[in-house]
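Each chain, letter by letter, is given below.
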Protein chains: 6
Amino acid sequence: MTDMDIYIEKANTLVEALPYIKQFRKKVVVIKYGGSFMDDQGIKHSMMDDIALMKLVGIRPILVHGGGKDISNMLKRLEMQSSFIDGLRVTDKETVGIAEMVLCGKINKEIVQLLENRGINAVGISGKDSALLKVHKKEYKDKDLGFVGEVDKVNVKFLQDLIKNDYIPVIAPIGCDHKRETYNINADHVACAVAKAVNAEKLIYLTDTDGVYMDPKDPNSIIRRLNISGVEELIRQGIISGGMIPKVENAVDAIRSGVRSTHILDGTIEHSLLLELFTAAGCGTMIKED
Amino acid sequence: MTDMDIYIEKANTLVEALPYIKQFRKKVVVIKYGGSFMDDQGIKHSMMDDIALMKLVGIRPILVHGGGKDISNMLKRLEMQSSFIDGLRVTDKETVGIAEMVLCGKINKEIVQLLENRGINAVGISGKDSALLKVHKKEYKDKDLGFVGEVDKVNVKFLQDLIKNDYIPVIAPIGCDHKRETYNINADHVACAVAKAVNAEKLIYLTDTDGVYMDPKDPNSIIRRLNISGVEELIRQGIISGGMIPKVENAVDAIRSGVRSTHILDGTIEHSLLLELFTAAGCGTMIKED
Amino acid sequence: MTDMDIYIEKANTLVEALPYIKQFRKKVVVIKYGGSFMDDQGIKHSMMDDIALMKLVGIRPILVHGGGKDISNMLKRLEMQSSFIDGLRVTDKETVGIAEMVLCGKINKEIVQLLENRGINAVGISGKDSALLKVHKKEYKDKDLGFVGEVDKVNVKFLQDLIKNDYIPVIAPIGCDHKRETYNINADHVACAVAKAVNAEKLIYLTDTDGVYMDPKDPNSIIRRLNISGVEELIRQGIISGGMIPKVENAVDAIRSGVRSTHILDGTIEHSLLLELFTAAGCGTMIKED
Amino acid sequence: MTDMDIYIEKANTLVEALPYIKQFRKKVVVIKYGGSFMDDQGIKHSMMDDIALMKLVGIRPILVHGGGKDISNMLKRLEMQSSFIDGLRVTDKETVGIAEMVLCGKINKEIVQLLENRGINAVGISGKDSALLKVHKKEYKDKDLGFVGEVDKVNVKFLQDLIKNDYIPVIAPIGCDHKRETYNINADHVACAVAKAVNAEKLIYLTDTDGVYMDPKDPNSIIRRLNISGVEELIRQGIISGGMIPKVENAVDAIRSGVRSTHILDGTIEHSLLLELFTAAGCGTMIKED
Amino acid sequence: MTDMDIYIEKANTLVEALPYIKQFRKKVVVIKYGGSFMDDQGIKHSMMDDIALMKLVGIRPILVHGGGKDISNMLKRLEMQSSFIDGLRVTDKETVGIAEMVLCGKINKEIVQLLENRGINAVGISGKDSALLKVHKKEYKDKDLGFVGEVDKVNVKFLQDLIKNDYIPVIAPIGCDHKRETYNINADHVACAVAKAVNAEKLIYLTDTDGVYMDPKDPNSIIRRLNISGVEELIRQGIISGGMIPKVENAVDAIRSGVRSTHILDGTIEHSLLLELFTAAGCGTMIKED
Amino acid sequence: MTDMDIYIEKANTLVEALPYIKQFRKKVVVIKYGGSFMDDQGIKHSMMDDIALMKLVGIRPILVHGGGKDISNMLKRLEMQSSFIDGLRVTDKETVGIAEMVLCGKINKEIVQLLENRGINAVGISGKDSALLKVHKKEYKDKDLGFVGEVDKVNVKFLQDLIKNDYIPVIAPIGCDHKRETYNINADHVACAVAKAVNAEKLIYLTDTDGVYMDPKDPNSIIRRLNISGVEELIRQGIISGGMIPKVENAVDAIRSGVRSTHILDGTIEHSLLLELFTAAGCGTMIKED
């Protein structure tokens, strides 16, 4: 390409991006950040760059993070044994205490520091701070999975107070119930509940896979856009299956409550967040109402 | 290029542009718009697109326009003959009346309409509205060039009232002196005076040529960046000459009064404004203090 | 009269005027200014004095002006011939271009300058600025009168932004339709549309005649006050006729839309505006709802 | 005079008055109201009309009233005998109690009611309310005149709180000293202290005589305008003498502290207040700095 | 008690009081102050201390005072004879003038001064100031009791303007009717009307007796809390009788109009106001809706 | 005590407390909370009651907490061995990671929850959130104690944003240096740095001992009040010694920087906070400038 061709390319990208920058200004975007790539230093830094840039052009991100391997590592070091039901770990009182400590005292503060290093003000909180997340015990058949919670209520005013003063809330998925017990919560579910509560413009799941595929083995079969009935049809056909089901169910739940769009992006692709936000084609799979 | 290469290109352009979008938000950029390309419909529309986009992402443009061939055409139709001094047209009272009528009643309103068509609110004014421009008669040796003025004072409050209410001021280069006589003013000079008065971030001259060249015949010899002493040196060497001299003198004058940078861009290149504002390399010649 | 008598006269005039000054503070008064007296320098200056005084005591005037002889003069100089239908000039594309140029580039700026000379900030605009007037083509039987428009919509926010920042809007009767064509509009009709849109306190027509007379030949037969049914009755009886009919129809239209009163004043009487506004007897003919 | 002559007269009076109405808007004017005319019902009502009109056009009056004959009448009814020094009544503790009761409980409330009857909100206060006036005992040679005070400090915030909420303060000349004793104060002196404290535009003394005369017997010898050195000269020459001396001394004191002008008007002439405020010639004697 | 016991006592009192201090912040409490104790210097000072403390912690008191013996004393000194109907004094025009003078010019200003001595800003007003109280003549069978009024309307804005600027209004029970006549009003009734108009949190009657007793001779039989039907029952049974009846009727009237609680306290007990406001047990008799 | 005696006691305690409640409204009080009593459930709850009450009456508390035994317990469970210099533990990188996890993920969130249980909004943060605490490595002779920091800079805006929105900041003593390393910080020192930065009214150290004693064995020898030179004198005499020295040095440092008073209170006495704040005698030892 000649210099002039490069100019034209750049100009076209800008002409394409500028309306989105305008459109998303002051809009809240909730990002679920978690998965295997949390341990990849390169990905982690590029992702924090993207979030810093979003903030810089006036978007208002809220981060919800998961736990990754740090919790299991700590349980192993402390030689705490877990019991399992249907392959699901039972979270007893001591385990939830360790999970809280690792989520709030290690992972959460590390993310905060990565953003602060980029000159962006972030505040690391859990569902306990200003009673952000009120939960109840999650039912699982008639078994007892222990202190695993589901969100009843989000303290929206607290998030707004942080946002309007230009802080990025970074949320660890821990909450209390009405008996003041501490619960661990699925981070995808927290992100969905927060997005609904703040009436977010977008809810973005950064995962290990780039959206929904017609044929998982064929990378060209990615589905760029789905509506609610499309999601239901694909589940019925078995094309959406396994761990992707709760993700798209959260997506549909969020959209039904007023979130404008939900996105499932491959967190391992550099700058996938920027491409999704600022190009016409976007990136990954977008789910909208219709 | 593969799809992935295009993604990477786009992502890089965005990563490059976003800090500029942040940096120029709510900053005032004064644009002198005039020259032979005013009659090229394609250029005119692409330029208005760029100005609309600037506005959309939060920049505050002020336009100053010249007259082009419309004034001479009207004088010819009315069979008004002009006298000349040193090849410069003498602007008598009747001529300045015709110039005002064409500038304020035709060209100014046409630009306003082009911006309105893009959903951008513009207000077409001359130096008479709210006493925007107070002028005195320009001296030229000991000859009388008639009603040709130089700006003494700009009503900054008026421009700010328009800007803060989200209107783009579109300024025709006509003003009054203390004896309430009407004067024609050089549009480059008006743009410089306005940029100084509003303490603009940038003053951009959209001209028929893409900046300053070491060797006018060699398009690769363009000088991308100049400081004040560099300008003086190039004038001394005769590399800057002819009609470019008053342009760079206005540029230096503006910078000395606090404008952050002045730019001379080729108005005939599509989207040269966007490339200048939102890419690291910029476009044309930039003059800064040092 | 003795000195004391003069004192008493003055005191009485003040006692009479003060409540009106209070009552009209911050109220918007739309003034249609146009007619044969536009060429009388004395009248023009006394009228601008009155408008400046109105502004000084806190009234918020909006001026709408017509074109007078300047347009025909220019058409004649350019040797443009017009065709006519039922004696009405057909406004082709070139003619509306000349009309716009004269209205916006000559008459409008001249009025602005006269107000500025009195220390009052005025901004000269047409229906194109900030899309002030959206119009459609006026129907006339089944004939085509060309680019003659009727107002669909007034950009009230634009007028309010000017007014609240203490500028007097001076409006030239030019507007665009949805196909972005330029139209000439009857100034009486623009004044009526603007008065309705801003919910004016008063709409004042400064004309060549001092209101409505029972017997046009008898200057003592002026009708001081009319209500809507009175207007209809007088039209039925043929007492209101000719060019006065559209004026009173505009007046009735304005009142029905919430304007408090409409006035038809003789613009050739010095200070008729002041007498109307600040004396109990008023001046000319006032039309109110009942 | 013909009708047209009357129109012209009225228009001229308005043209003359309007700039003053503009000039005095939101300006504070302190009026000392007291003297023999306090018992004339006609004068009292015309004066209250004038004050109501001042308020109506945006001036901010503060009234200070004296006591007139009501105090002596009450002392007589209660058969309280006074002792005298150099012809001045000695104000013992019981006497000041009666004076306060009559000033605050009778005269003050009557003035308030007269203004309320005109639809103007007035609040009757004494120097005790919100500690408006802090005083010390007035020295008189080496004699003891009892509880007669001089003002040390005015609670400006209290007056401003009333004024900004659109109440006219009506002040009875009573105050306390640091030992919490109650004092009677000369009303001219209170008006002067208040005018200085609020930085009034004007201080107006409504008295029994129309200003300062070169020759008291010649009503045509009134002096319309005096500056500070003029006052001193006239006192030296004995032209200003007797009870007029403390009045002009208060006037000079006020002007030296920033009050723009002081006026001595004949309270017995109807509407003298209006003529002073809104005509070029004014009324009575005006004292300015130079 | 040991030092530690005293500490514990104090801490407990504080733990008890703090929530009330929070609860009553910025709430309006109307206090009727009047009765035989008005002449007891000790009581008077302790009561003013309490009101100052209330203000200090953010409560917004409004005082309404009665007249006590001062009015009768003054009538006696002036040798004014009163006629009586059914033992009730007839208030003729001269009598109401004396009552106004004593209430507004003596008692009102004395209370103001006592508060000012404690560093609290108070403003003494009557129903005439800013037309605070509009009244009509009170009916009494078919007899004429003279100028005795009942409140029709309270100027709430005036009270709010004083309160929001941190002044305590001190109200003398005088008002005007639509014919501009002056009336005396029962102070209990004024307090009730004011409490209703400002939507007070509490209406407190400081009287000579500590609330309502089942058996007036048994000080232990005080009724601490009553609801509306309880009041009606006790009146029916004759347990509430005599002068207490109009008090409790005012109380019930206030509560029905939205006042949260009414209290009848013994003004002769030191700090009864504080105990009522800041302890759980309270003091005197409280009447609430249910 | 009779009922009346109890009333009088209560009233006196209130009369004593009210001015303090007024005085400390909206004032910031920094409380260092830490010591052996952190493990006593009763004390912990009574202390949280006091802090909730402080907040309730308008005081603005900021809490800084230490770590207590939880950190050592966790190190022991993880079988991490520490090296020591002069008996001081060396904090290597792994140790500071565990300290951060326990402080931020366990203790901090537990305090937050205790306040939330009382209906008070608290936000648990460390020096990393919004870059609250910028530190440098603490020097200790020429030995390396590892990641032990001293505060350079406090992000005051962040604390004010929380406070003005009515949240209690609960601060864990962890911070970063310019190389983005994590440091543990002495909590007494953090409390002092925060108090200085926010210009606190009071800095309160809740410790295991009730202030400074002349003779530590004699509980009656407590020193109630000290000024700066008194502190220096007592250190010189060896009366203040050991672990009390850094505490009083922090106290003096805070006072020299504008904190109004510092207090050393026995955290084990119930409600010692309330007694200090709201009684004249106070509690513990107060250090003021003079």
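Being a predicted model, the structure only gives us computed values, none of them experimental. (Residues numbered from 1 in each chain as written. Chains lettered and ligands numbered in written order. Predicted model: local features only at pLDDT ≥ 70, side-chain atom pairs only at ≥ 80, totals over all residues.)

Caption draft 1: Examining the overall build of chain A more closely. A tally of regular secondary structure across chain A gives nine helices and 16 strands. Over its C-alpha atoms chain A spans a radius of gyration of 19 Å, differing by no more than 12% from the 19 Å that the globule rule assigns to 290 residues. Seen through its principal axes, chain A has C-alpha atoms that stretch 65 × 45 × 35 Å. Split into buried and exposed, the 290 residues of chain A put 49% on the buried side. (Helix = DSSP H or I, 4+ residues; strand = E, 2+ residues; numbered from the N terminus. Rg over C-alpha atoms; globule rule 2.2 N^0.38 Å. Buried ≥ 20, exposed ≤ 12 C-beta atoms within 10 Å, placed from the backbone.)

Caption draft 2: Region of interest: the relation of the copies chain C and chain B. The two copies are related by a screw motion: chain C maps onto chain B through a turn of 180° and a shift of 0.0 Å along the axis, at an RMSD of 0.1 Å. Taken together, the rotation and translation relating the two chain copies correspond to the operation of a two-fold axis. Taking C-alpha positions as reference, the residue of chain C nearest the rotation axis is C:Gly105, located at 1.9 Å. The residues that chain C uses at the interface reappear at the interface of chain B in 100% of cases, marking a shared surface. (Least-squares fit on C-alpha atoms with pLDDT ≥ 70 in both. Contact = placed C-beta atoms within 7 Å.)

Caption draft 3: Just the relation of the copies chain F and chain E, in detail. After a rotation of 179° and a shift along the axis of 0.1 Å, chain F superposes on chain E with an RMSD of 0.1 Å. Both copies present the same face, since 100% of the interface residues in chain F are matched by interface residues at the equivalent positions in chain E.

Caption draft 4: Spatial organisation of the sheet that holds strand β14 (residues 225–227) of chain F. Residues and elements named next belong to chain F. On the basis of which strands lie adjacent, the open sheet formed by eight strands has the order β5-β8-β2-β1-β11-β15-β16-β14 and mixed pairing. Each edge of the open sheet carries a strand with a single partner, namely β5 (122–126) and β14. On average, each strand axis in the sheet is tilted by 20° relative to the strand beside it, whichever way the strands run. In the sheet, strand β15 (residues 261–266) pairs with strand β16 (residues 285–288) via three bridges, with the strands oriented antiparallel. Residue isoleucine 264 lies in a different strand from β16, and its bridge partner there is threonine 285. (Pairing = 2+ DSSP bridges. Axes fitted to C-alpha atoms, helices over the stretch in contact; angles between N-to-C directions.)

Caption draft 5: View of helix α2 (residues 41–56) of chain F. Residue and element names in this part refer to chain F. Counted at 1.5 Å a residue, the expected span for α2 with its 16 residues is 22 Å, and the 22 Å between its end C-alpha atoms agrees. The set of residues buried in α2 consists of Ser46, Met47, Met48, Asp50, Ile51, Leu53, Met54 and Lys55. Directly after α2, the chain includes glycine 58, whose backbone phi takes a positive value near 100°. (Expected span 1.5 Å × (residues − 1).)

Caption draft 6: Region of interest: the domain arrangement of chain A. All names here are of chain A. The domains assigned to chain A are domain 1 (25–193) and domain 2 (201–290). Placing the centre of domain 1 and that of domain 2 at their C-alpha centroids yields a distance of 21 Å. If you look at the interface, domain 1 gives 20 residues, while domain 2 gives 20 residues. Of the residues in the side of domain 1 that touches domain 2, the class split is twelve nonpolar, four polar and four charged. (Domains from an automatic or database assignment. Nonpolar A, V, L, I, M, F, W, Y, C, P; charged D, E, K, R; others polar.)

Caption draft 7: Quick peek at the packing of helix α6 (residues 187–197) of chain A against helix α8 (residues 244–256) of chain A. Residues and elements named next belong to chain A. In the contact formed by α6 and α8, the axes pass within 9 Å of each other and the chain directions differ by 10°. For the element pair α6 / α8, the angle class is roughly parallel. From α6, Asp188, His189, Cys192, Ala195 and Lys196 reach across to α8, where they touch Pro246, Lys247, Asn250, Asp253 and Ala254. Looking at the contact of α6 with α8 residue by residue, the classes come out as four nonpolar, two polar and four charged. (Parallel < 35°, antiparallel > 145°, perpendicular 65-115°, else oblique.)

Caption draft 8: Spatial organisation of the interface of chain C and chain B. The interface is formed by 28 residues belonging to chain C together with 29 residues belonging to chain B. At the level of secondary structure, the elements contributing two or more residues to the side of chain C that touches chain B comprise α4 (93–116) and β5 (122–126) of chain C. Ranked by residue count, the leading element in the side of chain C that touches chain B is α4(C), at ten residues. Looking at the side of chain C that touches chain B residue by residue, the class counts come to eleven nonpolar, eight polar and nine charged.

Caption draft 9: Broad picture of the pairing of strand β11 (residues 202–207) of chain A. All names here are of chain A. Of all six residues making up β11, six are buried, and the element is well covered by its neighbours. What you see with β11 is no split at all: Lys202, Ile204 and Leu206 on one side and Leu203, Tyr205 and Thr207 on the other are buried throughout. As paired strands, strand β1 (residues 28–33) and β11 are joined by five bridges and run parallel to one another. Residue pairing across strands places isoleucine 31 opposite isoleucine 204, the latter belonging to β11. Direction of pairing for β11 relative to strand β15 (residues 261–266): parallel, over a ladder of six bridges. Residue pairing across strands places isoleucine 204 opposite histidine 263, the latter belonging to β15.

Caption draft 10: Structural context of the interface of chain F and chain E. Counting from both sides, the interface comprises 20 residues of chain F and, opposite them, 20 residues of chain E. Of all elements in the fold, only α1 (3–24), α2 and α9 (272–278) of chain F reach the threshold of two or more residues within the side of chain F that touches chain E. Here the side of chain F that touches chain E takes twelve residues from α1(F), the largest share from any one element.

Caption draft 11: The arrangement of the UniProt feature "binding site: substrate" (unreviewed entry) in chain A in detail. All names here are of chain A. As recorded in UniProt, the sites labelled "binding site: substrate" (unreviewed entry) are Gly67, Gly68, Arg89 and Asn184. Across 118 residues in sequence, these annotated residues keep their C-alpha atoms within 14.4 Å of one another, forming a single compact spot. Among the structural elements, glycine 67 can be located in the loop between β2 (60–65) and α3 (69–77). Glycine 67 has contacts with Ala99, Val102, Leu103 and Ile107, leaving out every residue within four places of it along the chain. Within the secondary structure, glycine 68 sits in the loop between β2 and α3. Contacts of glycine 68, omitting those with residues within four sequence positions, involve Gly34, Met38 and Asp39. (UniProt positions renumbered as here; feature names shortened; annotations may be inferred.)

Caption draft 12: Focus on the sheet that holds strand β16 (residues 285–288) of chain C. Residues and elements named next belong to chain C. The eight strands lie next to each other as β5-β8-β2-β1-β11-β15-β16-β14, forming an open sheet whose pairing is mixed. Each having just a single partner strand, β5 and β14 (225–227) make up the two edges of the open sheet. Here the average twist between neighbouring strands, direction ignored, is 20°. Here helix α7 (residues 228–236) sits on the sheet in contact with β14 and β16, set at roughly 95° to β14.

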